[in-house]
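Here are the chains, one letter per residue:
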Amino acid sequence: MLYSKRQNFHRSKLPKLGEMGHIVGLSTVNAKRRCMVIAYPLCDGAIYHRRLLSYGIHTVWVRFLDTSEIVRFSGIWFQSDTP
């Protein structure tokens, strides 16, 4: 079973729009930088008409508060500040 917030990347478990948090677990991003979820991409996977081979949205667009940089990350790397 998955107990960590970062391990479940199903689209129903993505953070809400406007939620504040950090990107953790990636060596390319400083985990102390705060960010805010600003959008979801329309679709980031292949969707076939007869079979649904992708759940669609797995990623989020975040804006870092220190530089206003906008970057797209997988939802598993976002950790919310709220408990």
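Look up: the structure comes first, before these words.
Residues numbered from 1 in each chain as written. Predicted model: local features only at pLDDT ≥ 70, side-chain atom pairs only at ≥ 80, totals over all residues. Heavy atoms only, no water.

**Here's the deal with the overall build of the chain**
- Along the chain, the regular secondary structure elements total zero helices and five strands.
- Partitioning the contacts of the chain with sequence separation of at least 6, the portion at a separation of at least 24 is 50%. (Helix = DSSP H or I, 4+ residues; strand = E, 2+ residues; numbered from the N terminus. Contact = heavy atoms within 4.5 Å.)

**Details of the sheet that holds strand β5 (residues 78-80)**
- Strands sit in the order β4-β3-β2-β1-β5 across an open sheet of five strands; the sheet is antiparallel. The outermost strands of the open sheet, each flanked by one partner alone, are β4 (70-74) and β5. The mean inter-strand angle of the sheet, taken between neighbouring strand axes irrespective of direction, is 50°.
- Judged from the three bridges that link them, strand β1 (residues 20-23) and strand β2 (residues 34-39) form a sheet pairing that is antiparallel. (Pairing = 2+ DSSP bridges. Axes fitted to C-alpha atoms, helices over the stretch in contact; angles between N-to-C directions.)

**Regarding a nonpolar patch on the surface**
- A grouping of Ile38, Trp61 and Ile70 is seen on the molecular surface, where their side chains present a nonpolar patch of about 230 Å² in accessible area.
- Topologically, Ile70 is positioned in strand β4. (Patch = residues over 30% accessible without salt bridge, like charges linked within 9 Å, V, L, I, M, F, W, Y side chains within 5 Å. Areas by Shrake-Rupley, 256 points an atom, 1.4 Å probe, with all protein chains shown as cover. Salt bridge = Lys/Arg side-chain N within 4 Å of Asp/Glu carboxyl O.)

**Quick notes on the pattern of salt bridges**
- Within the structure shown, the criterion is met by three salt bridges.
- Residues participating in the shared-partner salt-bridge network are Arg33, Asp66 and Glu69.

**Structural notes on the packing of aromatic side chains**
- One pass over the full model with this rule turns up one aromatic pair.
- Just above the ring of Phe64 sits the side chain of Arg33; from NZ or CZ to the centre is 4.0 Å. (Phe/Tyr/Trp six-rings, centres within 6.5 Å; stacked < 30°, edge-to-face > 60°. Lys NZ or Arg CZ within 6 Å of the ring centre and 35° of its normal.)

**A few points about the side chain of Arg33**
- As for its placement among the helices and strands, Arg33 is situated in the loop between β1 and β2.
- For Arg33, the side chain forms a polar contact with the side chain of Thr67, separated by 3.1 Å. (Polar contact = N/O pair within 3.5 Å; in protein donor to acceptor, adjacent residues only side chain to side chain.)

**Regarding the pairing of strand β3 (residues 59-64)**
- Note: β2 against β3, four bridges, orientation antiparallel. Following the sheet pairing, Met36 is matched in β3 by Arg63.
- The sheet contact formed by β3 and β4 spans five bridges and is antiparallel. Across the sheet, the residue bridging to Val62 is Val71, located in β4.
- In textbook terms, the turn of a hairpin is the stretch between consecutive antiparallel strands, and for β3 and β4 this stretch comprises five residues, one of which, Ser68, has a positive phi near 60°.

**Examining unusual backbone geometry**
- For Ser68, which is not glycine, the phi torsion reads 60° and is therefore positive.
- Positionally, Ser68 belongs in the loop between β3 and β4.

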